[in-house]
Amino acid sequence: MDPINPGSEEYGHDTEGEEARQGRGVPAPAATPARARVVRLVSGELLLTVNPVDGSEIEPCPPGQEPETPRPRTPEERAEAARAAAPPVPPGPVAPALPLLERQEERERLTAILGRGRSARLLGVPGSGRTTLLDAVAADCADLAPDGVVRLSGHHRTAGELLHELFAAVRHAPGQRPDRTALLDRLRDVGAVVVVDDLEFGGAALDELLAAAPECAFLLAATPDTPVPSAGAHLEEVLLAGLGRGAALKLLESAVGRTLTDEEANWAGDLWFESEGLPLRFVQAGALLRQRDRLRVTPAEFDAFGALEEAFGPTDPEAAAKAAAASFDGVADPDVELREIPLPSLGEGAAPAALLASRLSRSAQTALRFAVALGGEVPHQAHLPALVGDTHADAALGELVACGLLSPAGPRYRLAAGVLTQLLAQGYEPGAADRAHTAAQHYAWWAAHPSVTPERAAAEADALLAALTALLPGSTTAAEAAAEHRATAVLLARAAAPAFAAGLHWGAWERALRAGQEAARLTGDVAEEAYFHHELGVLAICSGNLERARAELEASIGMRGVLADKRGTVAGRRALALVADLSGEHATPAALRAEEPVSPPRGTPAARPALPGPEPVTAPLPGGSARTPAPAFPGFADTFSGFADKTPAPAAPPEPAKDGRSGLAGGILAGARRNLVAVGAGALLVAVLGTVVTLGATSGNGEDPTPQRVTSDSTATQGAPDDGTDTEETPEDAEPGETNTPTGSATPSPSGSGSASPSSSTSPGATDGSPSSSPSDDPSATTSPSETTLPTSPTSRPTTTRPPTSPKPSSSTPTTPTETPSESSSGTPSETPSPSSTTSSPADGENDPSNSASAPLGSAPTGSTATETPA
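This is a predicted model, so every value here is computed, not measured. (Residues numbered from 1 in each chain as written. Predicted model: local features only at pLDDT ≥ 70, side-chain atom pairs only at ≥ 80, totals over all residues. Heavy atoms only, no water.)

**Overview of the overall build of the protein**
In terms of regular secondary structure, the protein is built from 32 helices and 14 strands. Looking at the protein residue by residue over its 871 residues, the buried ones come to 39%. Within the protein, contacts between residues separated by at least 24 positions form 72% of all contacts whose residues are at least 6 apart in sequence. Roughly 45,300 Å² of accessible area belongs to the protein as shown, and the carbon and sulfur atoms make up 55% of that amount. (Helix = DSSP H or I, 4+ residues; strand = E, 2+ residues; numbered from the N terminus. Buried < 20%, exposed > 50% of the residue type's maximum accessible area, 1.4 Å probe, protein only. Contact = heavy atoms within 4.5 Å. Areas by Shrake-Rupley, 256 points an atom, 1.4 Å probe, with all protein chains shown as cover.)

**A short note on the pairing of strand E9 (residues 217-222)**
With 6 of 6 residues buried, E9 lies mostly within the body of the structure. Residue alternation in E9 divides its side chains into two sets, Ala217, Leu219 and Ala221 and Phe218, Leu220 and Ala222, and both sets are buried. Two elements, strand E5 (residues 119-123) and E9, share 4 bridges in a ladder whose sense is parallel. Bridging across to E9, alanine 120 finds its partner in leucine 219. Pairing analysis gives 4 bridges linking strand E8 (residues 193-197) to E9, with the strands arranged parallel. Looking across to E9, one finds that valine 196 is bridged to leucine 220. For the handedness criterion, the β-α-β arrangement of E8, helix H8 (residues 204-212) and E9 is classed as right-handed. (Pairing = 2+ DSSP bridges. Right-handed = clockwise from strand over helix to strand, strands pointing away.)

**Section: the sheet that holds strand E1 (residues 39-43)**
As a general point, the strands of a sheet are linked pairwise by backbone hydrogen bonds and lie either parallel or antiparallel. As summarised here, the arrangement of the 3 strands in space is E1-E2-E3, forming an open sheet in which the pairing is antiparallel. Two strands bound the open sheet, and with one partner strand each, they are E1 and strand E3 (57-60). The mean angle between the axes of side-by-side strands here comes to 20°, regardless of whether they run parallel or antiparallel. Note that strand E2 (residues 46-50) and E3 share 4 bridges and pair antiparallel. Counterpart to leucine 46 in the pairing with E3 is proline 60. (Axes fitted to C-alpha atoms, helices over the stretch in contact; angles between N-to-C directions.)

**Brief notes about the nonpolar core**
Where a protein is soluble and globular, its nonpolar side chains tend to be buried together. If you look at the biggest cluster of nonpolar residues, it comprises 62 residues, and the most contacted ones within it are Ile58, Phe500, Trp509 and Ile541. A per-element tally of this core places helix H24 (residues 479-502) first, with 11 residues. With sequence-adjacent residues up to four places away left out, tryptophan 509 is seen in contact with Leu48, Ala497, Phe500, Ala501, Glu535 and Leu539. Judged by nonpolar contacts, the second largest core, of 30 residues, contains Val190, Ala192, Leu209 and Phe218. (Core = buried A, V, L, I, M, F, W, Y, C linked by side-chain atoms within 4.5 Å.)

**Considerations on unusual backbone geometry**
Phi at glutamate 102 is positive, roughly 55°, even though this residue is not glycine. Along the chain, glutamate 102 turns up in the loop between helix H3 (75-85) and helix H4 (104-115).

**Observations regarding H4**
Over its 12 residues, H4 extends 16 Å from the first C-alpha to the last, a length consistent with the 16 Å expected when each residue adds 1.5 Å. Tucked into the core, H4 has its buried residues touching E5, helix H5 (130-140), E8, E9 and strand E10 (235-239). In the stretch just after H4, glycine 117 is the one whose phi turns positive, near 80°. (Expected span 1.5 Å × (residues − 1).)

**Side note on the packing of H4 against H5**
Between H4 and H5, whose axes approach to 10 Å, the crossing angle comes to 45°. If you check the angle between H4 and H5, you find them oblique. Seen from above, H4 lies across H5 with right-handed handedness. Contacts between H4 and H5 involve Glu106, Arg107, Leu110, Thr111 and Leu114 from the first element and Leu133, Ala136, Val137 and Asp140 from the second. A class-by-class count of the residues in the contact of H4 with H5 yields 5 nonpolar, 1 polar and 3 charged. (Parallel < 35°, antiparallel > 145°, perpendicular 65-115°, else oblique. Left-handed = near helix turned anticlockwise from the far one by under 90°. Nonpolar A, V, L, I, M, F, W, Y, C, P; charged D, E, K, R; others polar.)

**Considerations on the pattern of salt bridges**
Throughout the structure, instances matching the rule amount to 29 salt bridges. Shared partners join several salt bridges into a network, and the residues in it are Arg157, Glu165, Glu377, Arg412, Arg414, Glu460 and Asp462. (Salt bridge = Lys/Arg side-chain N within 4 Å of Asp/Glu carboxyl O.)

**Examining the sheet that holds E10**
Strand order in the open sheet formed by 5 strands is E6-E8-E9-E5-E10, with parallel pairing between adjacent strands. At either margin of the open sheet sits one strand with a lone partner, and together these are strand E6 (149-153) and E10. The average angle at which neighbouring strand axes cross in this sheet is 15°, direction not considered. Where H4 meets the sheet, its contacts fall on E5, E8, E9 and E10, and the angle it forms with E10 comes to roughly 170°.

**Remarks on the packing of aromatic side chains**
Taken as a whole, this structure holds 3 aromatic pairs when the rule is applied. Here tryptophan 506 and tryptophan 509 contribute two aromatic rings whose centre-to-centre distance is 5.5 Å and whose plane-to-plane angle is 65°, an arrangement assigned as edge-to-face. Here the residue tryptophan 506 and the residue tryptophan 509 both occupy positions in helix H25 (residues 506-523), the gap between them amounting to 3 residues, near one helical turn. Residue classification places tryptophan 506 among the buried residues on the basis of a relative accessible area of 6%. Residues tyrosine 531 and phenylalanine 532 carry aromatic rings whose centres are separated by 5.5 Å and whose planes lie at 65° to one another, so their mutual orientation is edge-to-face. Of the residues examined, tyrosine 531 reaches a relative accessible area of 1% and is grouped as buried. The positively charged end of arginine 369 is found above the aromatic ring belonging to tyrosine 428, 4.3 Å away from the centroid. (Phe/Tyr/Trp six-rings, centres within 6.5 Å; stacked < 30°, edge-to-face > 60°. Lys NZ or Arg CZ within 6 Å of the ring centre and 35° of its normal.)

**Section: a nonpolar patch on the surface**
A cluster of nonpolar side chains, namely Val526, Val562 and Leu563, defines an oily patch on the protein surface of about 270 Å² accessible area. Here leucine 563 shows up in the loop between helix H27 (546-562) and helix H28 (566-583). Leucine 563 gets classed as partly exposed once you look at its relative accessible area, which sits at 42%. (Patch = residues over 30% accessible without salt bridge, like charges linked within 9 Å, V, L, I, M, F, W, Y side chains within 5 Å.)

**What about the environment of leucine 114?**
Mapping leucine 114 onto the fold places it in helix H4. Overall, leucine 114 belongs to the buried group, its relative accessible area being 3%. With residues up to four places along the chain from it excluded, the contact list for leucine 114 reads Val137, Cys141, Leu144, Val193, Ala217, Phe218 and Leu219.

**Topic: the confidence of the model for the protein**
In the predicted model, the protein carries a mean pLDDT of 73, and the fraction of residues at 70 or more is 61%. Across residues 702-871, confidence stays below pLDDT 50; counting only partners more than four residues off in sequence or on other chains, it has 207 contacts. (pLDDT = per-residue confidence, 0-100.)

**Side note on the environment of leucine 122**
In this fold, leucine 122 is placed in strand E5. Along the backbone, leucine 122 and leucine 219 are 97 residues apart, and their C-alpha atoms lie at a distance of 7.2 Å. Those residues in contact with leucine 122 that sit more than four places away from it in its chain are Leu110, Arg130, Leu133, Leu134, Leu220, Ala221, Ala222, Val238 and Leu240.

**Some words on the side chain of histidine 534**
Tracing the backbone through its elements, the reader meets histidine 534 in helix H26 (residues 526-543). Once residues within four sequence positions are removed from consideration, histidine 534 is found in contact with Gly55, Ser56, Leu553, Ser556, Arg560, Ala571, Gly572 and Ala575.

**Focus: the environment of glutamate 554**
Position of glutamate 554 relative to the elements: it lies in helix H27. Distance from glutamate 554 to leucine 576, taken between C-alpha atoms, is 7.6 Å for residues 22 residues apart in sequence.

Structure below.
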């Protein structure tokens, strides 16, 4: 083997890419896509499946999958939960232990109030030492309640979120988030001392928190600008004031770790007057004095040319600080020469953040700039190496805590009171947008990683939401950078929202969804915006807000329908159907039922109870009530009922029959009768149309020497059909005044044949008796039949009797027939019946289709039922 020229077969240099790394001839394995983290939770009576791909699914909890009944936590489990809720011990230099000074009276009073089972409210300005006093009181009440002491953080928390966190702290219920009813029921028997720091609400919300756990004693710490409790809240308030001058100097000596000089004591007295004795100012002043001591004794004092440092390594700055402290205590060391460093000014002592930050390590300064970019939220120490770019950057958190620049907030740290304002005034804001974008990219990758549990993501929720919020306003001037930041915000919300949901931190889940929906709207990403709308709808279902859930789900379904996202649309429709089930929308309101037709077009009509509705527009069948409105055209409706529109009109609901039948049997019988009437009307219409078509087919044209029509020489006889053609039958119940006597005419009427050619209508008003040879201007007159066949009188009127539009008459108006017979062109007079021989009114004749301009001279008026029979 030649080490300089290795063979291709040995080391695989004949291939490139993945095959070269995997070996000769061995294909690279296909990259396995990361599996989506799907978590199933139970919220009340609903089963929630958190699906980060297509959207969460929610359904009623199936039988057999109900969760176990929550049980009380054991003391060991409570201790573990308390350690998880406390902020971690930061690596790096250890901060000096500080005593609790001038707080013994407040401590004993608060312990006595909680011992009596009452609740108290501790008021103090930021930096007054509220958190330190709460720690001492919680330690005194450790064995006071059966469920122990529960520490909660009210920072960015509502009353409902605090109640759920209280339930999770005292009850073991994995994968469960009870609804409001179950939550209140399970918190009634909880007996614990609940210590809430940084409370941000009051009034009715505070009353809700206190009433939900009546067996708990609450110790609430808030600032004076927090909303006050209501008048009915039984809270004893304890005001926390500043320290006295002596206690402030003693606290400063404890922070510095040595006795103060006269110059430093005078400077501390001025600082006490300026800060009104706030303990935080003296903790930070102690950090300033420690930094001053380290600056007075530097490694350069021992090795001016760096020989010792090159041989033995860098000098420990802590050892130098101890040497300086020993010299201040009166231990003279002739080998140590101290430089003269002036004391900070009074302004720097009152606002020391910028001066303290300038003397920190580079990693600590970068971490501080990230905290400023995130609005005061400090990332967890595990994220600092990736954000800062230094493997030892996690020690920067210890530096910041020791300097008093950070204060604990629940399981994390954030900038102390006033630090953010001081740093922004000193020019820490430039580049904040880019740092927030870097933090958002890191958190988007971290939250979506399979190794990150939902509980860890929920503990880091404040920093994630701060990075997400910092990207939304678009503070950057460049439009391209703003678009990139919003796209990153969408990715971060997409990755963090399912983790918050699975970690049961639903307050952060909602805020992430709101921010992600806004970012997706600004970027124009419709698919992601539809996802956020869907998740907001599912969250609203779990919260019991069905109206908001319906609005969000309908918006999501509409957007996904445009994108042809079938799986997402199906998930949205399932959730929307659940909303309909929970709101009880399947029962049709009575007002809508009254407007629906009782009898559907097909099948047997469903029986429905009688409801008040509008007046029926159809005549009732036998057995119903006889409420019949007067028809607009009675003659036309009675004669030509077969030509009525067969579209079913809305009918009145069935009423009880006279013989006592009602309900289902009466509804079915009434529907069957209406169907029979409709079938009969249709059959009658078919028969009439068949007659017209037959007459048109058998009639000849004008050149036929033997026309098949009735002339003056041959008159049709009553009731005797000729040549097998259809004639009109006399109704059985015809009145005496009605006759079927045909009327002959010298000129045959073209309308009797149903021909499509224009008819030569004869004007009845002609004085010479000759027919008019001009064709009619109305083409509809050539196709309107002049023959009708009246059906046998039915037992009741048909259901649908809406008359059609009456035919438009031609321009020639017929005159009133007289008793004088008119002479035709052949000289044979024709008999015209008197108008008194008919039973219909003149108003009926105006709408009769047989009274048209195409009717022959001497034909019967409207009420006449004369039928022309071909010879």
